[in-house]
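Fold and geometry: a report
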Amino acid sequence: MDKFRMIFQFFQSNQESFMNGICGIMALASTQMYSAFDFNCPCLPHYNLAYGLGILLVPPFILFLLGLVLNNNISVLAEEWRRPRGQRGKDPAVLRYMFCSMAQRAMVAPALWLSVTLLDGKCITCAFCTSLPLESLGNASQPPLSRGEIQRVLARIPCKELYTGQQLIAREVAVRYLRCISQALGWCFVLLMTTLAFLVRSLRPCFSQAAFLKSRYWSHYIDIERRLFDETCAEHARSFAKVCIQQFFEGMSTDLVAAHCHLPRKAPADAGEAAEKLLGITDRGTMNMALKSWHRCKPPLHLHPPALPTGNGWAGEGQPPTHPSAPRKETAAYYSWV
Amino acid sequence: MDRFRMIFQYFQSSSESAMNGICGLLALASVKMYTSLDFSCPCLPQYNMAYGLGIMFVPPIILFLCGLILNRQSLVMLEEWRRPPGRRKKDLAVIRYMCSSILQRAMVAPVVWIVVTLLDGQCLICAFSGSMDPQKFVGFANVSTEQVQQLLAKVPCKDDELMRNNTSRKAVSRYLRCWSQALGWSILLILIIAAFLARWLRPCFNQATLLQARHWSNYIDIEQKIFEETCCEHSRLFAHKCILHFFESMQQEIKLHSLPREGEGAEGGEDLLQGITDQDQVNKLLRTWYYEKPPLDVS
C-alpha cells in the first residue's frame, strides 16, 4: 500500500511523469494481453491469412486509440485548436509539440504488441504457411498434387494434430523456417523503431532547441491554466451554493415568523453557536416544510446581497431583481484589460 | 516497503545514481529478454549463419540505442555541445567526460547480452555448424558434399528426425559449445581486467582535470533540472494571476452594466464569489472564457 502510494505520488508529481506512467501501464497491459490471448489458427486456406494479419494489425490500432483517449492532454489539444482567437493569439508550434508528444507516447504500446507478436512467431506462421517455397524446403519425392490440395495441406501446418502432409514437407522444417522469418522481421522492426526514437531524440537539441523550450513552456502553461480555472470555478460554485442555501434557510425562517405571527421562543443569547446553526428551524413540522419547499420550489440562482430588509424571502418569488441589461455589450467589455 | 523506499530514494538522490539504476535495469532486462526468447534455429544451409549472427548482434545494437535514449544526460550533453557560446564559454573536457560516461553506461547491457549468448552457446552452434570440417567427425566423413551441408545445417535441431540419435551431431554440438563458452569467458575476463585497470590507473593521470570535469557536468545537469522546475512554478503563478485578473475584469464589467444595489459592500464570505452571484453571470463568465481567452499579460 505504501509502495503504491509512493509510486502514485511520484507519477502525479508532474504532468510528464503522469503521462509516462500511463504509457508504461499500457505497454505492460499489451504484453499481458498477448500472453493471455488464446491464439487459435483456423488452419483453412484463405482464413489463415485474414486471421493472422488481423491479430497482428488490429490490436495495435486499438491500443493506439486507447493511448490517445487515456491521455487527458487530447482534450486540451482539441480545445486549444478549436477555440476562437479572442485576445490571445494561437501558436501552431505549441499545437504541434502537444500532438507530437501525445502521438509518441501512444505509439509505444502498439509497437510493443507488434514486436512481441513477431518475435513469438505464431501469427506469421499462421498467416503465411500457405506461401511456403516448396521447391527448396519440400521433399523432392512427393506425388504431384493439385494446387488446391497443396494449399489445403499446407494450411494445416500450424495445427499439429491435423497435419497430414509429412511427405510433402516436414512440419518442423516449415515451422522453423516461418518462425525464423518472423523473428528476423521482429528484430528488424524493433531496431527500426529504436533507431527512429534515437534520431528523433538526439537531433532535436541540434536544431530548434529554443523553439522547443518555448513550445514546452506554453503547452505546460495551457494545461496548468485549465486545471486552475477548473479549481477556481469549483471553489466559486461551493461558495455560491453555501450562500444560496443560507439565504434559503433565512428566507424560510423569516417567512415562518411572518406567517405564525408570534415570536418564536428565542434561545437565550448565551446558548451560542448551536442555536445559530439551527437557522431558526426548531421543530419537526418546520423542518418538514423546509425540506418540502426545497424540493418543490428551489430558490433562483441569484444571490441577493445580505443586508436586505425582511419579507423579500423566497416564498413564491422567483424572479431576480435588477438583472443586468439584456443586450450584451460585448464590444465595451474589455476596455480596461487590453 | 521500507527497503524498497530506501532503494528508490537512493537512486533518485543524484543523477549519477539514477543513471546507474537505469543501466542496471537494462542489464537485467537483457538477461530476461534472452531467457524468454524462443531460440529456434532454422536449420537450413544459408539461413543458419544469418540467423545466428543476427540474434547475437542485432539486440545489442538495440540495447545500446535504448541505453542512450533512456539516459537523461545524453540530452544534456547534446544541448551543451550545440548551444551558442553566449556569455558562457564551452569546456570541451566536460563534454568529453559526459560523453565517455554515457557511452560506458550504455555499453553494459549489450555486453551482458553478448556474454550471455556466448556462454549459452546456441547462437554459435546455429551459426557455425555449417562451417565445420566434416572429416573430423565420424558420422559425416563419408557423406557426399551436398548432403553433408544439409546434415551439418541440421545439427542445432535436436528433434529433427534425421538427427535424433546421431552421435556425431552431439560431437559437433559439444565442440561448438566449448568454443563458444571459451570465447564468452575470455571476453568477460578481458573486459573486467580492462575496467579494473582503467579505474585503478585513472588517479595517476589528470586527476585534477577529472574532478573539475565531473563537478561541472553535475552542475550542468542540476542547473537544467532546476530551470525546468522553476519554469513549472512560474507558469503556475502566471496562470493563477491570469485567472484572477480575468475574474476581476468580469466583476468590473458586471458592475458597469448592473444598477447599483443596496448593500454593495461585500463581506468576507462574499469575496470568494468575486461579485458573480447570478446564473446568467456565471454563464457569461464561462462563455467568455471559451470565446475570448484573456491575453497573456499580467502586468
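The structure displayed is predicted, hence computed values, not measured ones.

1. A short note on the overall build of chain A
If you tally the helices and strands in chain A, you get 13 helices and 0 strands. Scanning chain A from its N terminus toward the C terminus, one meets helices and strands in the order α-α-α-α-α-α-α-α-α-α-α-α-α. When burial is assessed residue by residue, chain A has 37% of its 338 residues classed as buried. A separation of at least 24 residues holds for 76% of the contacts in chain A among residues at least 6 apart in sequence. Of the roughly 20,400 Å² of accessible surface on chain A, a fraction of 64% belongs to carbon and sulfur atoms.

2. Quick word on the overall build of chain B
Per the secondary structure count, chain B includes 12 helices and 0 strands. Listing the helices and strands of chain B from first to last along the sequence gives α-α-α-α-α-α-α-α-α-α-α-α. In summary, chain B has a C-alpha radius of gyration of 34 Å against a globular reference of 19 Å for 299 residues, an excess of more than 25%. Overall, the C-alpha framework of chain B stretches about 115 × 55 × 45 Å when taken along its three principal axes. Out of the 299 residues belonging to chain B, those deemed buried represent 38%. For chain B, the proportion of contacts with a sequence separation of at least 24, taken over those separated by at least 6, is 74%.

3. Observations concerning the domain arrangement of chain A
All names here are of chain A. On domain assignment, one finds that chain A holds domain 1 (1-207) and domain 2 (210-259). If you average the C-alpha positions of domain 1 and of domain 2, the two centres end up 45 Å apart. Where domain 1 abuts domain 2, roughly 1,200 Å² becomes buried across the two surfaces, and 59% of that area is made up of carbon and sulfur atoms. Where domain 1 touches domain 2, the interface holds 2 salt bridges. Here Arg88 ties to Glu225 by a salt bridge, and the two come within 2.8 Å at their closest N and O atoms.

4. Observations regarding the UniProt feature "transmembrane region" (unreviewed entry) in chain B
Residues and elements named next belong to chain B. Here the UniProt feature "transmembrane region" (unreviewed entry) sits at residues 50-71, 92-115 and 182-201. Measuring from the first to the last C-alpha atom of residues 50-71 gives 31 Å, for a span that is 95% helix and 0% strand. A helix fraction of 100% and a strand fraction of 0% characterise residues 182-201, whose end C-alpha atoms lie 28 Å from each other.

5. Comments concerning the packing of helix 10 (residues 171-203) of chain A against helix 3 (residues 47-70) of chain B
Close contact between helix 10 of chain A and helix 3 of chain B brings their axes to 10 Å; oriented N to C, the two are set at 25°. The angle between helix 10 of chain A and helix 3 of chain B places the two elements in the roughly parallel class. In this structure, helix 10 of chain A meets helix 3 of chain B at a crossing whose hand is left-handed. Along its contact with helix 10 of chain A, which presents Tyr177(A), Cys180(A), Gln183(A), Trp187(A), Val190(A), Leu191(A), Thr194(A), Thr195(A), Ala197(A), Phe198(A) and Arg201(A), the element helix 3 of chain B presents Tyr47(B), Tyr51(B), Ile55(B), Val58(B), Pro59(B), Ile61(B), Ile62(B), Leu65(B), Cys66(B), Leu68(B) and Ile69(B). Considering only residue class, the contact of helix 10 of chain A with helix 3 of chain B consists of 18 nonpolar, 3 polar and 1 charged.

6. Observations regarding the pattern of salt bridges
Throughout the structure, instances matching the rule amount to 11 salt bridges over all chains. Close ionic contact of Glu80(A) with Arg83(A) constitutes a salt bridge, the shortest N to O distance being 3.1 Å. With relative accessibility at 2%, the residue Arg83(A) sits in the buried group. The partner of Arg216(A) in a salt bridge is Glu228(B), with the nearest N and O atoms 3.5 Å apart. With Arg216(A) in helix 11 (residues 209-260) and Glu228(B) in helix 10 (residues 207-257), the pair connects residues from two separate chains.

7. Focus: the interface of chain B and chain A
By convention, interface size is frequently given as the accessible area that disappears when the constituent parts associate. Of the residues lining the interface, 81 residues belong to chain B; the matching set on chain A comes to 67 residues. Summing the contributions of chain B and of chain A, the shared interface buries around 7,500 Å²; its carbon and sulfur component is 66%. Looking only at chain B, the three residues that lose the most surface to chain A are Ile69(B), His257(B) and Lys293(B), adding up to 8% of its buried area. If you look at where chain B meets chain A, you find 2 salt bridges. Within the residue set of the side of chain B that touches chain A, elements represented by two or more residues are helix 1 (2-13), helix 3, helix 4 (72-82), helix 10 and helix 12 (279-291) of chain B. Top element by residues in the side of chain B that touches chain A is helix 10 of chain B. It accounts for 20 residues. Across the side of chain B that touches chain A, the residue classes tally to 46 nonpolar, 15 polar and 20 charged.

8. Quick word on helix 4 of chain B
Three- or four-residue spacings in an α-helix give side chains the same orientation, since the helix completes a turn every 3.6 residues. Burial analysis of helix 4 of chain B places 8 of its 11 residues in the buried class, which makes it a mostly covered element. Along helix 4 of chain B, the residues that are buried comprise Gln73(B), Ser74(B), Leu75(B), Val76(B), Met77(B), Leu78(B), Glu79(B) and Glu80(B).

9. Remarks on the nonpolar core
Across soluble globular proteins, nonpolar side chains show a tendency to be buried alongside one another. Grouped together as the largest cluster of nonpolar side chains are 22 residues, with contacts concentrated most on Trp187(A), Phe39(B), Tyr51(B), Ile55(B) and Trp113(B). Put simply, the parts of the chain that give this core at least two residues each are helix 10 of chain A together with helix 2 (15-36), helix 3, helix 6 (108-120) and helix 7 (122-128) of chain B. The element best represented in this core is helix 3 of chain B, accounting for 5 residues. When neighbours within four sequence positions are excluded, Phe39(B) is seen to be in contact with Tyr51(B), Ile55(B), Gln122(B), Cys123(B) and Cys126(B). Among the nonpolar cores identified, the runner-up in size contains 17 residues, and Leu154(A), Leu168(A), Ala170(A) and Leu178(A) belong to it.

Definitions and limits used
Residues numbered from 1 in each chain as written. Chains lettered and ligands numbered in written order. Predicted model: local features only at pLDDT ≥ 70, side-chain atom pairs only at ≥ 80, totals over all residues. Heavy atoms only, no water. Helix = DSSP H or I, 4+ residues; strand = E, 2+ residues; numbered from the N terminus. Buried < 20%, exposed > 50% of the residue type's maximum accessible area, 1.4 Å probe, protein only. Contact = heavy atoms within 4.5 Å. Areas by Shrake-Rupley, 256 points an atom, 1.4 Å probe, with all protein chains shown as cover. Rg over C-alpha atoms; globule rule 2.2 N^0.38 Å. Domains from an automatic or database assignment. Buried area = accessible area lost by both parts, 1.4 Å probe. Salt bridge = Lys/Arg side-chain N within 4 Å of Asp/Glu carboxyl O. UniProt positions renumbered as here; feature names shortened; annotations may be inferred. Axes fitted to C-alpha atoms, helices over the stretch in contact; angles between N-to-C directions. Parallel < 35°, antiparallel > 145°, perpendicular 65-115°, else oblique. Left-handed = near helix turned anticlockwise from the far one by under 90°. Nonpolar A, V, L, I, M, F, W, Y, C, P; charged D, E, K, R; others polar. Core = buried A, V, L, I, M, F, W, Y, C linked by side-chain atoms within 4.5 Å.

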